[in-house]
Amino acid sequence: MSDSPESSLTLPAFRRLSYAVGHFLNDLCASMWFTYLLVYYHSVLGFQNTYAGVLLLVGQIADGVCTPLIGYESDRTPGCGSYGKRKTWHLVGTLSVILSFPFIFNQCLGCDVDTPQWVSLTYFIPFIVIFQFGWAATQISHLSLIPELVSCEHEKVELTAFRYAFTVIANITVYAVAWLMFHFQKGEVDDPAITDSLGPIDIPLFRNLGIIVVCIGALFSLLFHLGTQEKRSRPRQEEAGSSPGERQSLLNNATVSSSPSSLLQWQHWLKQPSFYQVAMLYMSTRLIVNLSQTYISMYLTNTLLLPKKYIATIPLVMYVSGFASSFVMKPVSKLIGKCMTYFLGLLLILAFSYWVLLDTDMGDMVYGAAVLLGVGSATILVMSLAMTAELIGDQTQSGAFVYGAMSFTDKVANGVGVMIIQMLHPCHTTVCCPACVWYYHYVMVIVTGGMAVLAALSLCTILIWPIKIVRLSNQGHVNGSVNSSDIKDLPEVTGILGSDREDSESSEQPSVN
């Protein structure tokens, strides 16, 4: 058997592990950001609902703007020396997160009870912007490595599942540490009115939680940088001057033409219909996952009137369930396809929404509902990321832009969604009024059930019009534009539906060690 390109080989277990932990710091911080930001600024620091929403909106917009710009720069810049462009941006993002995040979950330095809230608001905004820039740089560079490290579609699903498994572990870590802190706080304070409700007494708790998160995440980021090897590509001029055999060894997929004319740049993606199909699906998925994570704490404390320890235990149950389900996603998606696996996840989300709608006083039954939401969220998130990686396929030279554009839609949509919910809030004080009970009840129903319907409609477009990309001819690539006479469909690059059977066959072929 002839030698195969290195990219066709199965990624060693250690390399998969080191890659999977590369997003651990981001996941730890995102867990605190989405789950505790509104609770911390509204219930602990005493910010108005709209001010707390403004902080989250600023963060989401900053992330949304930075993400496509970083994706574009990540695709075009060579990186720092021999370090690799993706890992260089990952390092820049990691340092930005480490330096800014501890200030977000802390008091305004120099502020007191008489300080106007708009002053505190202005103080936190720069740290939030720096954090979101770093978060975006780390996320895009990490996602962009998936199609560069592996070529088989089911291996991409597996690598994405490993990545999500550590996302779940990160969330479990945050909630477990938070639960321990609430537990020890209850042992130190005897007044149930203080230990069961959130207030200024919890400021040190969230501050220490933020510092612990950064320290743990920095350690895992170091493991990623030491264990992950990014493949460096030659400049195109050098590729053009090499022999066909030399060019073939540089490609991730042997079916891809070695001619630069088949490469899609960022502006070409904007003329791909499948690009918008996947973007809509990804945005819907993120709205379900992020908004439910953002408002689950409000729902537990204000609607179900549960003690504050539940804002740690219920999310913990959600992510433990998601972690367990991540191990069966690869065989299930290989058996029934990514679209049907995604649809199964939507059914679980709809079941959760229906349960919340009917049961207004579920008490401890909320643990069962949390399992449905956790498994459903994990399933649709992994499948949407796998679909995005499959859309990119061999077009790794512009993969960061694709991930950046997808994230832009979800970040802006999440920020606007949170701001709308906060502005419609019936109360304008830090103490929840009776109207809050029903308000957060319907918020949870709408952000899960309503967004699941939107995701289902997006999935239907993929079922009706299977995803595929079109390639540029030589003239179209040189001019930087795509005309009807300059493009051609490539049957072997059909996407989500058309490639499942082919990937299944190719993944069963023995690899060359």
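Scroll up a little and you will see the structure.
A short tour of the structure in this document, coming up. Within each chain, residues carry numbers counting from 1 in the order of the written sequence. In keeping with the predicted nature of the model, local features appear solely for residues at pLDDT of at least 70, side-chain atom pairs appear and are counted solely at 80 or more, and the whole-chain, interface and lining totals rest on all residues. Side-chain measures were taken over the full set of non-hydrogen atoms in the model, leaving aside hydrogen atoms and water.

### Considering the overall build of the protein
In terms of regular secondary structure, the protein is built from 21 helices and two strands. Burial status across the protein gives 56% buried among its 513 residues. Note on definitions: a residue-residue contact is assigned when non-hydrogen atoms from the two residues lie within 4.5 Å. Considering only contacts in the protein between residues 6 or more positions apart, those separated by 24 or more positions represent 83%. Computed with a 1.4 Å probe, the accessible areas rest on the Shrake-Rupley method; for each residue, only the protein chains presented here act as cover. Counting every atom, the protein has about 20,800 Å² of accessible surface; 66% of that belongs to carbon and sulfur. Starting at the N terminus, helices and strands are each numbered in turn, a helix being any DSSP run of H or I of at least four residues and a strand any DSSP run of E of at least two. Categorising residues by exposure relies on relative accessible area from a 1.4 Å probe, with only protein chains included: less than 20% of the type maximum marks a residue as buried, more than 50% marks it as exposed, and the intermediate range marks it as partly exposed.

### Let's talk about empty space enclosed by the protein
A probe matching the size of a water molecule, rolled over the atoms, marks out where space remains unfilled. For cavity detection a 1 Å grid was placed over the protein atoms alone, and a set of points counts as a cavity when a 1.4 Å probe fits there but cannot get out; an open set counts as a pocket when protein lies on both sides within 12 Å along at least five of seven lines, with lining residues being those that have an atom within 4 Å of a point. Grid points are joined across faces, edges and corners, and a volume is the space filled by probe spheres set on the points. Taken as a whole and assessed by the stated rule, the structure comprises five cavities of 30 Å³ or more. Volume-wise, the largest cavity comes out at about 290 Å³. Around the largest cavity, the lining comprises 23 residues; the ones closest to its centre are Asp-27, Ala-30, Trp-135, Arg-286 and Asn-290. If you list the elements that add at least two residues to the lining of the largest cavity, you get α2 (24-44), α3 (49-76), α5 (117-144), α7 (153-188), α13 (273-303) and α17 (366-392). Sorting elements by how many residues they give to the lining of the largest cavity places α2 first, with five residues. Each residue gets one label: Ala, Val, Leu, Ile, Met, Phe, Trp, Tyr, Cys and Pro are nonpolar, Asp, Glu, Lys and Arg are charged, and the others, such as Gly, are polar. Of the residues that constitute the lining of the largest cavity, the class distribution is ten nonpolar, eight polar and five charged. Counted as a void, the second largest cavity has a volume near 70 Å³. Forming the boundary of the second largest cavity are Tyr-164, Val-289, Ser-292, Gln-293, Met-318, Tyr-319, Gly-374, Ser-377 and Ala-378. For the lining of the second largest cavity, the secondary-structure elements that each account for two or more residues are α13, α14 (310-326) and α17. In terms of residue class, the lining of the second largest cavity is made up of five nonpolar, four polar and no charged.

### Comments concerning the state of the cysteines
Here, two cysteine sulfur atoms that lie within 2.5 Å of each other are counted as a disulfide. This structure, assessed with the given rule, holds one disulfide. Put simply, Cys-108 and Cys-111 are joined by a disulfide, and their sulfur atoms are 2.0 Å apart. Using a relative accessible area of 11% as the deciding quantity, one classes Cys-108 as buried. With relative accessibility at 26%, the residue Cys-111 sits in the partly exposed group. Free cysteine: Cys-339, not disulfide-bonded; nearest cysteine sulfur from Cys-460 at 9.8 Å. By relative accessible area, Cys-339 is classed as buried at 3%.

### A closer look at a nonpolar patch on the surface
Judged by side-chain polarity, Leu-335, Ile-336, Met-340, Phe-343, Leu-344, Leu-347, Leu-350, Val-453 and Leu-457 come together as a nonpolar surface patch covering roughly 810 Å² of accessible area. Among the secondary structure elements, those contributing two or more residues to the nonpolar patch are α15 (329-336), α16 (338-358) and α19 (434-464). Of the residues forming the nonpolar patch, the biggest block, five residues, is contributed by α16. Along the chain, the position of Leu-347 falls in helix α16. Residues qualify for a patch when their relative accessible area is over 30% and they have no salt bridge, like charges being joined within 9 Å and the nonpolar side chains of Val, Leu, Ile, Met, Phe, Trp and Tyr within 5 Å. Criterion for a salt bridge: a side-chain nitrogen of Lys or Arg within 4 Å of a carboxyl oxygen of Asp or Glu.

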